[in-house]
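# Descriptive structure summary
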Amino acid sequence: MRVSKTAVLIIKSFIMKLTPYIHFAGNAEEALNFYKNTLHGEILQLGRYGESPMPTDEDYKNKVMHARLVFGENLVMVSDVFKGQEVSTKGNIQLSIEMDDVNQMEEVFNKMAEGGKVTMALQDTFWGARFGMLIDKFGVSWMFNCELKK
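Residues numbered from 1 in each chain as written. Predicted model: local features only at pLDDT ≥ 70, side-chain atom pairs only at ≥ 80, totals over all residues. Heavy atoms only, no water.

### A few points about the sheet that holds strand β6 (residues 117-124)
As summarised here, the arrangement of the 4 strands in space is β5-β8-β7-β6, forming an open sheet in which the pairing is mixed. Two strands in the sheet have a free side with no partner beyond their single neighbour: β5 (95-99) and β6. Between one strand and the next, the sheet's axes are offset by a mean angle of 10 degrees, whatever the strand orientation. Two elements, β6 and strand β7 (residues 129-135), share 5 bridges in a ladder whose sense is antiparallel. Counterpart to D124 in the pairing with β7 is R130. Running over the sheet, helix α3 (residues 102-113) touches β5, β6, β7 and β8 (141-147) and is turned about 10 degrees from β7. (Pairing = 2+ DSSP bridges. Helix = DSSP H or I, 4+ residues; strand = E, 2+ residues; numbered from the N terminus. Axes fitted to C-alpha atoms, helices over the stretch in contact; angles between N-to-C directions. Contact = heavy atoms within 4.5 Å.)

### Remarks on the nonpolar core
Core analysis: the biggest nonpolar cluster contains 29 residues, and I22, F24, Y35, L39, M112, W142 and F144 have the highest contact counts within it. Elements that contribute at least two residues to this core include exactly β1 (21-24), α2 (28-38), β3 (64-71), β4 (74-80), β5, α3 and β8. The contact partners of I22, leaving out residues within four places of it in the chain, are Y35, V76, M77, V78, S79, L95 and V140. (Core = buried A, V, L, I, M, F, W, Y, C linked by side-chain atoms within 4.5 Å. Buried < 20%, exposed > 50% of the residue type's maximum accessible area, 1.4 Å probe, protein only.)

Encoded structure:
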C-alpha cells in the first residue's frame, strides 16, 4: 500500500504527546527534587508564584507555580496549587514507568517506595515482565514494568 505525501502530513499533524501534570499542596519543590534524584532526571524549568505578575501572599511567593522535569525520554510537570486549594491524590490515575533494566527498576522502585506504601511488591508476572506498584510519600500512584529477557 502506498501512502500519499498529504496523508503523511495529516498523520504527522495529529501526533500527540501526553505529559502528566502533578499538583501538590505546598510541597511541589520537595517532590520535584525527590523525583529528580530518584529518576535521575533534570529540572528544565522552575517558576515560582512570586515571579508572576499576579498578587501572591508573602508566605506563598516561594512555592512552585510551574516546573518541568525530564528523565529518560519523559517529561513531567509539577506545581503547587493556588493557596487554599485542596489536592486529592485519590483517583483513577497511576503513572506507569516502562524500563528495560530490572536492576535499575528495582533501584528506582525502592527509592520511590521510601516513606510511601508498596501496593504490589516487584514480582515476575504471567505476562513476562517484572512488575510492581506503589504510592509514593507524596500520595502519587506509580506502576513499574520491565519486560523480562527471554
